[in-house]
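Structure assessment
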Amino acid sequence: GGGTADVLQYVRDIVSGLDEVVVLDLCAPLLEQAKKRCEKYGWNNVRFVQGDATEIEFGNKFDVVISSYVFTMIPNWEKAIKMAWSHVAPGGYLAATDFTINPKDQGYGSQMMWKTVFSFDHVNLNSKHHELVRSLGKPCAFRVEDGGFPFIPLLKCPYYYAVQQKSGKKDD
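First, a word on what this report is: a plain description of the structure on this page. (Residues numbered from 1 in each chain as written. Predicted model: local features only at pLDDT ≥ 70, side-chain atom pairs only at ≥ 80, totals over all residues. Heavy atoms only, no water.)

Notes on the packing of aromatic side chains
Throughout the structure, instances matching the rule amount to 5 aromatic pairs. Ring centres 5.3 Å apart and planes at 85 degrees place the aromatic pair F58 and F62 in the edge-to-face group. Taking the relative accessible area as the measure of exposure, F58 reaches 17% and is therefore buried. A residue is classified by how much of its surface remains accessible, and F62, at 13% relative accessible area, is buried. (Phe/Tyr/Trp six-rings, centres within 6.5 Å; stacked < 30°, edge-to-face > 60°. Buried < 20%, exposed > 50% of the residue type's maximum accessible area, 1.4 Å probe, protein only.)

Printed below as a string of structure tokens:
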């Protein structure tokens, strides 16, 4: 979900110029933190929705749907990815980033270590997440990299980012 809306800080220069930003999360306390963050920046165009990413239906489509470190935490991740894609407007984008495993460039032992570490927080590492995202629409960007891991210096954990564009024109 949208959590504390921390991802908006990366695009804070454009948030106030957007018609609407929707932050969706299952957890009410996280949405309260998101509200505080948006108040701090004076973003009055942000709407907060408490709901399940696998079930939520919006009456409209969005130009951009962002999923940042979400799909690995949702048991029915396939449904969540497909639901996110269903909310992308024609010509719009799904941008996703999350932790992953990388069978192509990562040894079996390393894959199992990271799967075990993340499983303690109910995070399901699986390369099938980004494979499904990449199967949707037109690929605009994709990369798997190793990045720092919070509170554990020197260890690098694989993550991916992907941007997919839905076919069609914005006004379709």
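Side note on helix α2 (residues 28–41)
In this model, α2 (14 residues) spans 20 Å end to end at C-alpha, consistent with the 20 Å of a helix rising 1.5 Å per residue. Buried positions along α2 lie against β1 (21–25) and β2 (46–50). At the C-terminal side of α2, G42 shows a positive phi close to 75 degrees. (Helix = DSSP H or I, 4+ residues; strand = E, 2+ residues; numbered from the N terminus. Expected span 1.5 Å × (residues − 1). Contact = heavy atoms within 4.5 Å.)

Focus on the nonpolar core
If you look at the biggest cluster of nonpolar residues, it comprises 22 residues, and the most contacted ones within it are V65, F71, I81, L94, V133 and Y160. For this core, the secondary structure elements donating two or more residues are β3 (62–68), α3 (77–86), β4 (88–99), α5 (127–134) and β6 (152–165). The element that contributes the greatest number of residues to this core is α3, accounting for 5 residues. Filtering out sequence-adjacent residues up to four positions away, I81 remains in contact with F71, H129, L132, V133 and L136. Residues V21, A34, C38 and V46 belong to the second largest nonpolar core, which totals 10 residues. (Core = buried A, V, L, I, M, F, W, Y, C linked by side-chain atoms within 4.5 Å.)

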